[in-house]
Amino acid sequence: MDLVVQLHSHLPWVLGHGDWPHGSDWLSEATLETYLPLVRQLRALRDEGTDAPVTLGITPILANQLAHPTFKGVVSRYLAQRIASHDEGAREFEGRGETDLAWVARWHLEHLKGLETLWTELDGDVLGAFKGLADENRLELTSSAATHGFLPMLGRDESIRFQLRLGFAEHVRLFGREPAGCWLPECAYRPAGWWEPLHNAPHRGMRHGTEVDVAQAGFRYVTLDAPLVAGPDKRHRRPPYRAYRIQSPDGSAPVRALVRDPRTAAQVWSADGGYPGDGAYLEFHKQHWPGGLKLWRVTARKADLGDKLPYWPEVAENKIREHAGHFATLLGAIAREQHPWGTTLITAPFDTELFGHWWFEGPDFLAALYRDLRHQPLIRPTTAGWHLHDNPDAPAIPVAPGSWGAHSDWSTWVGAPVAYMWRRLWPLEDRFWTLVPRALGDERAHVALAQLARSFLLAQSSDWPFIVTMGQAADYGQHRFHSHCADLDRLLDALTSAVDGSATFDGANAIAAELATRDDPFPDVLPTLAASLA
């Protein structure tokens, strides 16, 4: 039975939007805690001859940040600050006689210096490191919608086309190859049918399914959550242990879908019983200030922060091996259980940032898992693309609307706390797509139009409603959404006036230049914009 481990790497655009706590430090944290450790472990597995064919998704908006001219300097400064903070923290604890915490700080210091060595070796080119592994056929790289827009709620089909086609084009630009896989943002899917997600939504009416735009953009497969494919008959649920084709009303089925396995997902995601909550692992929430040093272990799932004990790396290492062995054994048990039914696939998708950022030991767990899988004869680790190539036959099925969010529906991104965002965004969609054909026809408008397109895409990020709904940084999510909408409004006004002839292009170009100082992804956005028109 094949195992596909999918890692979905994504951060919204944060460059140019401050440092701490949700600006560039967010990107730097992910780089030091997740991306660099993942590169290190994948290279180590390669060098020892252990196959680790991860299917690694990198969203276009994240890839643009990893390739940005300022990225290397931003992360280098952050890394230097982290090293200094741990050195100062160790000396502080030593001065107070707290030798156990001083030792943990020194351990983290050496860990950071090891990452600094890798960072220097890569010359800051994390994207190139992943591309190199893909070029060696050690992993498969996949893409997503350009800014991770929540596609089922976008009011215009042009907007969905633009998100997906730009996501495809940016992957080609940055990695030099066409992606077969598309990570649907939030695994969100909308079938063909009547569309009216909120009362009296504009453009309500019949619309085609998400799979049509996915296929037209050039992608061949997506990943969905199990409830979306299970079917309406509770007595005869479709199993998640195979790939399917998404069937459109006309009978066509151009896009295949992998299905998240809920049993393996629970071992990692569950707040109650998942591996990351084990008492041996590094505590995420308790930190020492100044510096934000994480020096304690989880200790117990229900322990108060004041009761956390100092971190013991060697105990965590033993627990990593135990949990990797348990996970490998679970995979083998699923393979034996499913063998009589002829099912062929276990799909295990996770947010990449879980491994290392939220779960410090996560990259080491993944490496230990692939080593243990060498002793599971019924499990073949592979990539999504290789599995689909080897298993071309897949039943065509209708797919229900939903996502991998709470209740497997859209409520996280369209519920009462965030419904106003769509009421704000839909009129801007109409204004944007009304202007685009006219602005494309006037070369004087192209510079401002390109920046307008960037603001349009950034306002659509699914991160803003997610952050607001989850409540942990609601003010930030609201601020980013409203600021991008305000940018879009202002530039729409100026560029519309210029195209109409009631103003010069100087005003629109000045606004575009101002916005480009902080929002400058997707350097060649206009060809895809033109291709996305109805």
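Numbering of residues starts from 1 in every chain and runs along the sequence as written. Local features in this predicted model are restricted to residues of pLDDT 70 or higher, and side-chain atom pairs are both shown and tallied only at a pLDDT of 80 or more, whereas totals for entire chains, interfaces and linings draw on every residue. Water and hydrogen atoms were dropped before computing side-chain values, which therefore reflect all heavy atoms in the structure.

Tell me what's going on with the overall build of the chain, and back it up with residues and numbers.
For the chain, the helix and strand inventory stands at 19 helices and 12 strands. As defined in this context, the radius of gyration uses C-alpha atoms, and a globule is described by 2.2 Å times the residue total to the power 0.38. Expected size for 534 residues packed as a compact globule is a radius of gyration near 24 Å; at 24 Å, the chain falls within 12% of this value. Each of the three principal axes of the chain carries a C-alpha extent, and together these read 70 × 60 × 45 Å. Each residue gets one of three labels from its accessible area relative to the maximum for its type: buried under 20%, exposed over 50%, partly exposed in between, using a 1.4 Å probe on protein chains only. Buried residues in the chain amount to 59% of all 534 residues. Any two residues having at least one pair of non-hydrogen atoms within 4.5 Å are treated as being in contact. Once local pairs closer than 6 in sequence are excluded, the contacts in the chain between residues at least 24 apart make up 76%. For the chain, the distance from the average position of its 51 positive side-chain charges to the average position of its 66 negative side-chain charges is 4 Å. Working definition: helices are DSSP H or I runs of at least four residues, strands are E runs of at least two. Numbering for both runs from the N terminus. Charged-residue counts in this description rest on Lys and Arg as positive and Asp and Glu as negative, His and the chain ends being excluded. Here the site of a charge means NZ on Lys, CZ on Arg, CG on Asp, or CD on Glu.

Can you explain the packing of aromatic side chains? Please cite residues and give values.
Working definition: rings of Phe, Tyr and Trp (its six-membered ring) pair if their centres are within 6.5 Å, and the pair is stacked with planes under 30 degrees apart, edge-to-face with planes over 60 apart, and tilted otherwise. In this structure the tally under the stated criterion is 28 aromatic pairs. Each ring, one from F168 and one from F219, has its centre 5.3 Å from the other, and the planes form 80°; the classification is edge-to-face. Taken as a pair, F168 in helix 6 (residues 157-175) and F219 in the loop between helix 7 (210-217) and strand 7 (221-224) lie far apart in primary sequence, 51 residues in all. The same class applies to F168 as to F219, namely buried. For the ring pair F355 and W359, a centre distance of 5.9 Å and an interplane angle of 40° mean the geometry is tilted. Residue classification places W359 among the buried positions, given a relative accessible area of 1%. An aromatic cluster is present here, built from W183, W269, Y275, Y281, F327, F350, F355, W359, F365 and W404 joined pairwise through their rings. Only lysine NZ and arginine CZ atoms are considered, and such an atom sits over a ring when it is within 6 Å of the ring centre and within 35 degrees of the ring normal. If you follow R207 out to its NZ or CZ, it ends over the ring of W195, 4.6 Å from the centre. Sitting over the ring of W312, R297 keeps its end group 4.4 Å from the ring centre.

Give me the nonpolar core: which residues, what numbers.
Membership of the largest hydrophobic core comes to 167 residues, with the highest contact counts inside it found for F130, L224 and L495. Sort the elements by how many residues they give to this core and helix 14 (residues 419-440) lands first, with 11 residues. Apart from the residues within four sequence positions on either side, L495 is in contact with L435, A439, A445, A448, L449, L452, F505 and A508. The term nonpolar core refers to a set of buried residues drawn from Ala, Val, Leu, Ile, Met, Phe, Trp, Tyr and Cys, joined through side-chain atoms within 4.5 Å. Formed by 8 residues, the second largest nonpolar core is a distinct cluster that contains V4, L258, L345 and L388.

Could you give me a rundown of the packing of helix 17 (residues 474-500) against helix 18 (residues 505-516), with the residues and numbers involved?
Viewed as axis vectors pointing N to C, helix 17 and helix 18 meet at an angle of 155°, and their least axial separation amounts to 8 Å. On the basis of their axis angle, the class for helix 17 and helix 18 is roughly antiparallel. Where helix 17 crosses over helix 18, the handedness of that crossing is left-handed. When helix 17 is examined against helix 18, the residues D487, R490, L491, A494, L495, A498 and V499 are found in contact with a partner set consisting of F505, G507, A508, I511, A512, E514 and L515. Three classes are used: nonpolar for Ala, Val, Leu, Ile, Met, Phe, Trp, Tyr, Cys and Pro, charged for Asp, Glu, Lys and Arg, and polar for all others, with Gly counted as polar. Its residues assigned to classes, the contact of helix 17 with helix 18 comprises 10 nonpolar, 1 polar and 3 charged. Between N-to-C directions, angles cover 0 to 180 degrees, with each direction set by a line fitted to C-alpha atoms, over the stretch in contact for helices. The scheme is simple: roughly parallel for angles under 35 degrees, roughly antiparallel for over 145, roughly perpendicular for 65 to 115, oblique for anything else. Crossing handedness: left-handed means the near helix sits turned counterclockwise from the far one by under a right angle, and right-handed means the same turn made clockwise.

I'd like a rundown of the pairing of strand 2 (residues 55-58), residues and numbers included.
Of the two faces of strand 2, the one lined by T55 and G57 and the one lined by L56 and I58 are each fully buried. Two strands form a pair only when DSSP identifies at least two bridges running between them. Relative to strand 2, strand 1 (residues 2-9) is paired through 4 bridges, and the arrangement is parallel. Bridged to H8 within strand 2 is G57. Note on handedness: a crossover is taken as right-handed if, strands pointing away from the viewer, the path from the first strand over the helix to the second is clockwise. A crossover connection joins strand 1 to the parallel strand 2 through helix 1 (residues 24-48); in handedness this β-α-β unit is right-handed. Strand direction decides the pairing type here: strand 2 and strand 3 (residues 140-144), joined by 3 bridges, are parallel. Bridge pairing in strand 3 links T55 to E140.

Run through the pattern of salt bridges, naming residues and quoting values.
For this document, the term salt bridge refers to a Lys or Arg side-chain nitrogen within 4 Å of an Asp or Glu carboxyl oxygen. Applying the stated rule across the entire model yields 35 salt bridges. Between R431 and D493 there is a salt bridge, and its shortest N-O distance comes to 2.6 Å. With a gap of 62 residues between them, R431 in helix 14 and D493 in helix 17 connect regions that are remote in the sequence. Judged by relative accessible area, R431 falls into the partly exposed class, the value being 31%. Where E514 meets R490, a salt bridge forms, and the shortest distance between an N and an O atom there is 3.0 Å. You can see E514 sitting in helix 18 and its partner R490 sitting in helix 17, a full 24 residues away along the chain. R490 sits in the partly exposed class, given a relative accessible area of 33%. Connected through shared salt-bridge partners, D87, R91, E94 and R106 make up one network.

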